[in-house]
Amino acid sequence: MIELRHLRTLLALRETGSLVEAAERIHLTQSALSHQLKDLESRVDSPLFMRKTRPVEFTRAGLRLLALADQILPEVRKAERDLARMVGTEMGRLHMAIECHSCFQWLMPTVDYFRDHWPEVEIDIPSGHHFDPLPALAREQLDLVITADPQPIEGVHYAPLFRYEGLLAVARQHPLASQGFVTPEALADETLITYPVEQSRLDVFSQFLTPANVRPREIRTAELTIMMMQLVASGRGVCALPNWALSEYLERDYVSAVKLGEQGVWSTLYAAVREETLEAPWMQDFLRTAQETSFAVLNGIKPATRDAESVA
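Below: a short report on this structure. The structure displayed is predicted, hence computed values, not measured ones.

## Describing the environment of Ala-212
- Among the secondary structure elements, Ala-212 is positioned in the loop between helix H7 (203-209) and strand E9 (218-221).
- The sequence separation of Ala-212 and Pro-184 amounts to 28 residues, and the corresponding C-alpha distance is 6.6 Å.
- Those residues in contact with Ala-212 that sit more than four places away from it in its chain are Pro-184 and Glu-185.

## Some remarks on the packing of aromatic side chains
- Taken as a whole, this structure holds 7 aromatic pairs when the rule is applied.
- Taking the centre distance of 5.3 Å and the plane angle of 85 degrees together, the rings of Phe-114 and Phe-286 count as edge-to-face. With Phe-114 in helix H5 (residues 104-117) and Phe-286 in helix H11 (residues 281-297), the pair connects residues that are 172 residues apart, well separated along the chain.
- Taking relative accessible area as the criterion, Phe-286 reaches 1% and is therefore assigned buried.
- Here the aromatic rings of Phe-162 and Trp-244 are separated by 5.5 Å at their centres, their planes lie at 85 degrees, and the arrangement is edge-to-face. Note that Phe-162 is positioned in strand E6 (residues 156-170) and Trp-244 in helix H9 (residues 243-251), a separation of 82 residues in sequence. Trp-244 matches Phe-162 in its accessibility class, with the two residues each being buried.
- Through a chain of ring-to-ring contacts, three or more aromatic side chains come together here, namely Trp-106, Phe-162, Tyr-164 and Trp-244.

## Observations concerning the pairing of strand E8 (residues 191-194)
- On E8, burial covers both faces: Thr-191 and Ile-193 on one face and Leu-192 and Thr-194 on the other are all buried.
- In this sheet, E9 lies alongside E8 in parallel orientation, the contact comprising 4 bridges. Residue pairing for E9: Thr-191 is matched across the bridge by Glu-218.
- With H7 bridging E8 and the parallel E9, this β-α-β connection has right-handed handedness.
- Where E8 meets strand E10 (residues 238-242), 2 bridges bridge the pair, whose relative direction is parallel. Among the inter-strand pairings, Leu-192 is bridged to a residue of E10, identified as Val-238.

## Section: the nonpolar core
- Formed by 47 residues in total, the largest nonpolar core has its most connected members in Leu-94, Trp-106, Leu-144, Ile-146, Phe-162, Met-229 and Trp-244.
- Excluding its chain neighbours within four sequence positions, the residues that come into contact with Ile-146 are Ala-97, Ile-98, Glu-99, Cys-100, Cys-103, Trp-106, Leu-161, Leu-269, Tyr-270 and Ala-271.
- Judged by nonpolar contacts, the second largest core, of 18 residues, contains Leu-11, Ala-12, Leu-65 and Leu-73.

## Here's the deal with a nonpolar patch on the surface
- A contiguous nonpolar surface patch, about 250 Å² in accessible area, is contributed by Leu-224, Ile-226 and Met-227.
- Secondary-structure assignment places Ile-226 in helix H8 (residues 225-233).

## With respect to the packing of helix H1 (residues 4-16) against helix H3 (residues 30-44)
- Contact pair H1 / H3: the axes reach a minimum separation of 11 Å and the direction vectors enclose 115 degrees. The crossing of H1 and H3 is left-handed. Contact residues: H1 offers Arg-5, His-6, Thr-9, Leu-10 and Leu-13, while H3 offers Leu-33, Gln-36, Leu-37, Asp-39, Leu-40 and Arg-43.
- A breakdown of the residues in the contact of H1 with H3 according to their chemical character gives 5 nonpolar, 3 polar and 3 charged.

Reading the values: rules and limits
Sequence positions are assigned chain by chain, starting from 1 and proceeding in written order. This being a predicted model, a pLDDT of at least 70 is required before a residue's local features are given, and a value of 80 or more before pairs of side-chain atoms are given or counted; all residues contribute to the totals for chains, interfaces and linings. Values reported for side chains reflect all heavy atoms of the structure, with hydrogen atoms and water molecules removed beforehand. In DSSP terms, a helix is any run of H or I states spanning at least four residues, a strand is any run of E spanning at least two, and both are numbered starting from the N terminus. For this analysis, residues touch if any pair of their heavy atoms sits within 4.5 Å. Pairing of aromatic rings covers Phe, Tyr and Trp, the last through its six-membered ring, and needs centres within 6.5 Å; plane angles under 30 degrees mean stacked, over 60 mean edge-to-face, and all others mean tilted. Under the scheme applied here, a residue whose accessible area is under 20% of the maximum for its type counts as buried, over 50% as exposed, and between as partly exposed, the area being computed with a 1.4 Å probe on protein chains only. At least two DSSP bridges between two strands are needed for those strands to be called paired. By convention a crossover is right-handed if, when the strands point away from the viewer, the path from the first strand over the helix to the second runs clockwise. To form a nonpolar core, buried Ala, Val, Leu, Ile, Met, Phe, Trp, Tyr and Cys residues must be joined to one another through side-chain atoms within 4.5 Å. Without a salt bridge and with relative accessible area above 30%, a residue can belong to a patch; like charges are then joined within 9 Å and nonpolar side chains (Val, Leu, Ile, Met, Phe, Trp, Tyr) within 5 Å. Residue exposure ignores everything except the shown protein chains as possible cover, and the areas themselves are Shrake-Rupley values with a 1.4 Å probe. Whenever a carboxyl oxygen of Asp or Glu lies within 4 Å of a side-chain nitrogen of Lys or Arg, that contact is scored as a salt bridge. Where helices are involved, their axes are fitted lines through C-alpha atoms of the stretch in contact, as for all axes, and angles between N-to-C directions lie from 0 to 180°. The crossing is said to be left-handed when, going from far helix to near helix, the turn is anticlockwise and less than a right angle, and right-handed when the turn is clockwise. Any residue that is not Ala, Val, Leu, Ile, Met, Phe, Trp, Tyr, Cys, Pro, Asp, Glu, Lys or Arg is counted as polar, Gly included; the first ten are nonpolar and the last four charged.

Take a look at the structure:
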């Protein structure tokens, strides 16, 4: 009567709070998702949630099935791991690099969870490497690279993790703080604070300033996000960061955030993996854990579109 796909759909609906976002999360059309839910409701002969509520409000029957999902799905996943070990595919090495200064907020819980469930896999995040991570991945010096800047490299697959919006952080008293969005020209007289990486790899340049042929008055770099926020809060510049990286500072009313352009600037974060290791059970589990953890701990992200899967 009840299938695992039904339980996964209900979990997605609970986690996202809407049919549209739940459909994106599990890569279904909204029509297909609605059909699946109606099918499940006919099987149990009861409505599972209240229509036209946001976030979704579940009925008693829906809450009972959610409790079942919370109980059953972790056991199913554990069994899948055990089966992978039984066929001798558990050995592996996961040396990774992170082309994302803000990623540790979700990556560390991912690594901790993965290490507990795959103790046989050697995990390392080398620091101080003086090479380009993506070519190093192709040369087998690394096994995974977290990047928002995919490059077409033979033998490398880019698994989309999630989409995120870049926002402009400004001091609370800054004139731009009251704007609904900023134009590229508005940054021509500003000091832009960035991480110390190539400008071509920063979304604020590649998707916002460079296409408009605009450059900020001055560019200043900082290694750490907290250092950026201190500079922004004291009125020494502005900076563009992923929405999740700004969440805690916005909640504390430390700085303000403004959209980059009327439509916003959205990017996709990927896990780059060699094709030869992509199907390894432990690698598949890591990618799945990374996605699930990201949506559990980050605010404002969205599922990656299917178009993102065809990159490179």
